[in-house]
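# Observations on the model geometry
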Amino acid sequence: MIKKSSDKEEIIARFFILPRRLYPTTLSLLLITDRRMIFLSKGRGYLKKRASEPIMTQSVFNREELDKIVEMHENNYCFELGEISGVEVNTSPFKEETFGYYLKIATKKKKTKWDLRFEDLEKFRETVKKLGVNYVEK
């Protein structure tokens with residue numbers, strides 16, 4: 001699925017997520033491409049503007065452009081798909097959630113915790129399974 005011969009990177013899905021904190025205030029954007037998971041707390045405006053330009057399609061960006069978006073803010077970062085050791089979503093009906101399901105994405109170096117909107121679960125599940133990422137629901 002990963003295209004190694006091209007510098008184009010296809011954006012497969014976009015999800016709004018919240019950092020898993022007591023009082024999260026920053027709505028972030030998770031971009032899943034054919035190569036990476038990109039976590040953006042800033043740079044969404046640039047992405048939206050760039051996607052509407054006639055030369056670019058809605059789903060294909062140059063890797064350098066996506067890297068520029070990641071570097072726009074110190075809290076933006078990305079994981080290569082090969083670095084991801086597991087993705088876990090807790091869909092337990094007994095947990096009190098305000099925004100959505102508990103989402104944990106782990107690599108060998110870092111674990112991140114988020115809230116995924118309830119309405120995005122099915123699309124998220126299909127996307128990560130399609131990319132061959134280790135996915136678990138609890």
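Everything here concerns the structure above.
What comes next is a walk through the structure. (Residues numbered from 1 in each chain as written. Predicted model: local features only at pLDDT ≥ 70, side-chain atom pairs only at ≥ 80, totals over all residues. Heavy atoms only, no water.)

### Description of the nonpolar core
For clarity, the threshold we go by: The nonpolar core is taken to be a set of buried Ala, Val, Leu, Ile, Met, Phe, Trp, Tyr and Cys residues, with the residues joined through side-chain atoms within 4.5 Å. Exposure is judged per residue with a 1.4 Å probe applied to protein chains only, and the accessible area is read against the type maximum: over 50% gives exposed, under 20% gives buried, and values in between give partly exposed. In this description a helix means any DSSP run of H or I spanning at least four residues, a strand means any run of E spanning at least two, and both kinds are numbered starting from the N terminus. Residue contacts are defined here by distance: any two heavy atoms, one from each residue, within 4.5 Å place the two residues in contact.
Within the largest apolar cluster, 24 residues are counted, with the highest numbers of intra-cluster contacts made by Met37, Phe39, Val87, Leu103 and Phe124. Secondary-structure elements contributing two or more residues to this core are β1 (8–19), β2 (28–33), β3 (36–40), β5 (77–80), β6 (84–90), β7 (100–107), β8 (111–117) and α3 (121–130). With sequence-adjacent residues up to four places away left out, phenylalanine 39 is seen in contact with Ile17, Leu29, Leu30, Asn75, Asn76, Tyr77, Phe79, Ile105, Thr112 and Trp114.

### Thoughts on helix α2 (residues 63–71)
Note that an α-helix has 3.6 residues per turn; residues three or four places apart therefore point the same way. Defined as follows: Directions are taken from the helix axis to each C-beta atom, and the arc is the one they span.
Along α2, the residues that are buried comprise Glu65, Leu66, Ile69 and Val70. Burial along α2 is one-sided: seen end-on, the buried residues are contained in an arc of 145 degrees. Summarising the geometry of α2, the exposed residues directed more than 90 degrees from the buried face are Glu64 and Glu71.

### Some words on the pairing of β8
The condition is simple: Any two strands with at least two DSSP bridges between them are considered paired.
By the bridge criterion, 3 bridges tie β1 to β8 in an arrangement that is antiparallel. Residue pairing across strands places proline 19 opposite tryptophan 114, the latter belonging to β8. Looking at chain direction, β7 and β8 are connected through 7 bridges and run antiparallel. Opposite tyrosine 102, over in β8, you have aspartate 115 as the bridge partner. Counted along the chain from β7 to the antiparallel partner β8, the turn is 3 residues long.

### A short note on the packing of aromatic side chains
What characterises a pair of aromatic rings is the spacing of the ring centres plus the angle enclosed by the ring planes. Put simply, the rule reads: Here the aromatic set is Phe, Tyr and Trp, taking the six-membered ring for Trp, and pairing holds for ring centres within 6.5 Å; pairs whose planes are under 30 degrees apart are stacked, those over 60 apart are edge-to-face, and all others are tilted. Here, a charge over a ring means that NZ of Lys or CZ of Arg falls within 6 Å of the ring centre while also lying within 35 degrees of the ring normal.
Applying the stated criterion across every chain yields a total of 7 aromatic pairs. Taking 5.4 Å as the distance between ring centres and 70 degrees as the angle between the ring planes, the aromatic pair formed by phenylalanine 39 and phenylalanine 79 counts as edge-to-face. Of the two residues, phenylalanine 39 sits in strand β3 while phenylalanine 79 sits in strand β5, which places them 40 residues apart along the sequence. Accessibility assignment for this pair places phenylalanine 39 and phenylalanine 79 in one class, buried. Measuring from centroid to centroid gives 5.4 Å for phenylalanine 39 and tryptophan 114, while their planes differ by 10 degrees, and the two rings are stacked. Of this pair, phenylalanine 39 sits in strand β3 while tryptophan 114 sits in strand β8; the two residues are 75 residues apart in sequence, bridging distant segments of the chain. Of the two residues examined, phenylalanine 39 and tryptophan 114, each falls in the buried class. These aromatic residues form a ring-pair network of at least three members: Phe39, Tyr77, Phe79 and Trp114. Lying across the ring of tyrosine 77, lysine 110 places its NZ or CZ 3.8 Å from the centre.

### Notes on the pattern of salt bridges
Selection rule: When a carboxyl oxygen of Asp or Glu lies within 4 Å of a side-chain nitrogen of Lys or Arg, that pair is called a salt bridge.
For the coordinates displayed, the defined rule picks out 7 salt bridges. Glutamate 88 is the partner of lysine 138 in a salt bridge, and the nearest nitrogen-oxygen pair spans 3.6 Å. Taken together, the residues lysine 138 in the segment after β9 (135–137) and glutamate 88 in strand β6 connect sequence positions 50 residues apart. Lysine 138 sits in the exposed class, given a relative accessible area of 55%. Residue glutamate 88 is classed as buried on the basis of its relative accessible area of 17%.

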